[in-house]
Amino acid sequence: MKVTRARILLVGLLAGVLLVLPASGYGKGSASQLEVFSWWTGGGEAHGLDALIKIWNKAHPTMHVKNSAVAGGAGTNAKAVLAQRLAAHKPPDSFQGHAGAELQDYIKAGQLEPIDFIYKKYGLSQVFPTQLINQIRYKGKLYSVPVNIHRANILWYNPATLKKAGISGAPKSWGQFISALQKAKAKNLIPLALAEQWTQKHLMETVMIGSLGPKGWAALWKKGANWNSPQVTAALNRFKTVLSYTNTDAASLTWQDASKLVADGKAAFNIMGDWADGYFRVDLKKKAGSGYGWAAVPGTANVYDWLSDSFTLPKGAPHRAAAVQWLGFLGSRRAQDTFNPLKGSIPARKDANTKLYPTYLKYALVQWKGDTLAGSLTHGVVANNKWNTDIDSALGVFLQTKNVARFQSALVAAAKKDA
Ligand code: GAL
């Protein structure tokens, strides 16, 4: 009798335990959370991630996503927080990084697991373009799943504002651009809206690509490159001229603030990545073509200054099995076609359902196929974190002094040290 009672108690207990164990087999109990780290918190950034999390959470009731996004455009704050966590061996389950040199930093530091097995398991090996795979492969192995392709060299404008200022359409050449900026200034508009320092580097990058061309730009990131050339001097002088048409409170604005100045008709232009399309359309509910317009930055027609957000499997991820599934999910057509129309990016996958992509993104999908590629500096493709930091310091001084010669020497020194 006693034995039977004990048995009943044991079976009851086991049933209770089984009830709380997740059906999906992660084995960590109902309280487990898959920690995903990114910098997508604000307007134009969060909607895409939120949509992914919603799908994931529905399919994984015992392993919801813990969204550990750290605010700050281009990951300026997030990357610092992440570096500290990785150094303390407290990685999240998966984190965002940029394809190219930026991700290689983490790989070289031994902080990431190779994930070729995920590509095999989820059939991802053939779905991404070769030029992208080449950027995320390191010594023959893959370390991340790209969710998108962004374009950095876009000149955004408000068609109604241009009309008011007597500017006939988006300028194509630098001469046309400067005269458009002058017209806007004469009408008491902010000619070119600008924000905090990373957006100023973003502006510099697009001006340099527009001046040097994609070949000249690519050459700068090779060992022994000539940063001392008169062409670089000319590009930096052009950057200085363009800066003179920007708002003086730039340092205290976010990229969304600067884009909004255009949407609100207070500024004529803004040079920003195409996450601004997500912001104009999804957050500000503006109509493509009438509420906002776009063109390639002058001198960069048919050049795609590209970058790609990729997610990783850090070594020591606390919920590794779930992280593996998360990465497989991110690579899926469903995830990419959910995320990208909201984010203002085109999918990294080659087989997107193009019907789901609104006006700007339809244009981007076509451009991506035919354009010459230039890797982004500000968004991790061409230079590692250290080189980026040295360029940031040089740029910080330049923004104060506007001394081109001194800036160029600092860039020469950075290239010698970090290439
Ligand atoms: C980039 C990132 C984009 C976007 C942008 C602004 O570095 O790749 O996805 O978030 O920053 O924060």
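Thresholds applied
- Residues numbered from 1 in each chain as written.
- Predicted model: local features only at pLDDT ≥ 70, side-chain atom pairs only at ≥ 80, totals over all residues.
- Heavy atoms only, no water.
- 1 Å grid on protein atoms, 1.4 Å probe; cavity = no way out; pocket = protein on both sides within 12 Å on 5 of 7 lines; lining within 4 Å.
- Points joined across faces, edges and corners; volume = space filled by probe spheres on them.
- Nonpolar A, V, L, I, M, F, W, Y, C, P; charged D, E, K, R; others polar.
- Core = buried A, V, L, I, M, F, W, Y, C linked by side-chain atoms within 4.5 Å.
- Buried < 20%, exposed > 50% of the residue type's maximum accessible area, 1.4 Å probe, protein only.
- Contact = heavy atoms within 4.5 Å.
- Helix = DSSP H or I, 4+ residues; strand = E, 2+ residues; numbered from the N terminus.
- Axes fitted to C-alpha atoms, helices over the stretch in contact; angles between N-to-C directions.
- Parallel < 35°, antiparallel > 145°, perpendicular 65-115°, else oblique.
- Left-handed = near helix turned anticlockwise from the far one by under 90°.

K.L.:
Can you explain empty space enclosed by the protein? Please cite residues and give values.
P.N.:
Using a probe with the size of a water molecule, rolled over the atoms, empty space left in the structure can be pinpointed. Using the criterion set out here, one finds two cavities of 30 Å³ or more in the structure. In this model, the largest cavity occupies a volume close to 80 Å³. If you go around the largest cavity, you meet 14 residues; those closest to its centre are Trp39, Glu45, Ala74, Trp275 and His379. Of the residues assigned to the lining of the largest cavity, the class counts are seven nonpolar, four polar and three charged.

K.L.:
Talk me through the nonpolar core; I want residue IDs and the actual numbers.
P.N.:
Proteins that are soluble and globular tend to have nonpolar side chains buried together. Core analysis: the biggest nonpolar cluster contains 76 residues, and Leu34, Tyr119, Trp156, Trp326, Leu327 and Leu330 have the highest contact counts within it. What leucine 34 contacts, discounting residues up to four positions off in sequence, is Trp56, Met63, His64, Val65, Lys66, Asp93, His319, Ala322, Ala323 and Trp326. Leu162, Trp221, Val242 and Ala414 belong to the second largest nonpolar core, which has 51 residues in total.

K.L.:
Break down unusual backbone geometry for me, with residues and values.
P.N.:
One non-glycine residue, histidine 89, adopts positive backbone phi at about 55°. In this structure, histidine 89 sits in the loop between helix H3 (76-87) and strand E3 (94-98). Judged by relative accessible area, which is 70%, histidine 89 ranks as exposed. For lysine 285, which is not glycine, the phi torsion reads 55° and is therefore positive.

K.L.:
Any details on the packing of helix H10 (residues 230-243) against helix H17 (residues 404-418)? Residues and values, ideally.
P.N.:
Viewed as axis vectors pointing N to C, H10 and H17 meet at an angle of 125°, and their least axial separation amounts to 10 Å. Regarding the angle of H10 to H17, the classification is oblique. Once H10 is placed against H17, the crossing between them reads as right-handed. Packed against H10, whose contacting residues are Val232, Thr233, Leu236, Asn237, Phe239 and Lys240, the element H17 presents Val404, Phe407, Gln408 and Leu411 at the interface. For the contact of H10 with H17, the residue count by class is six nonpolar, three polar and one charged.

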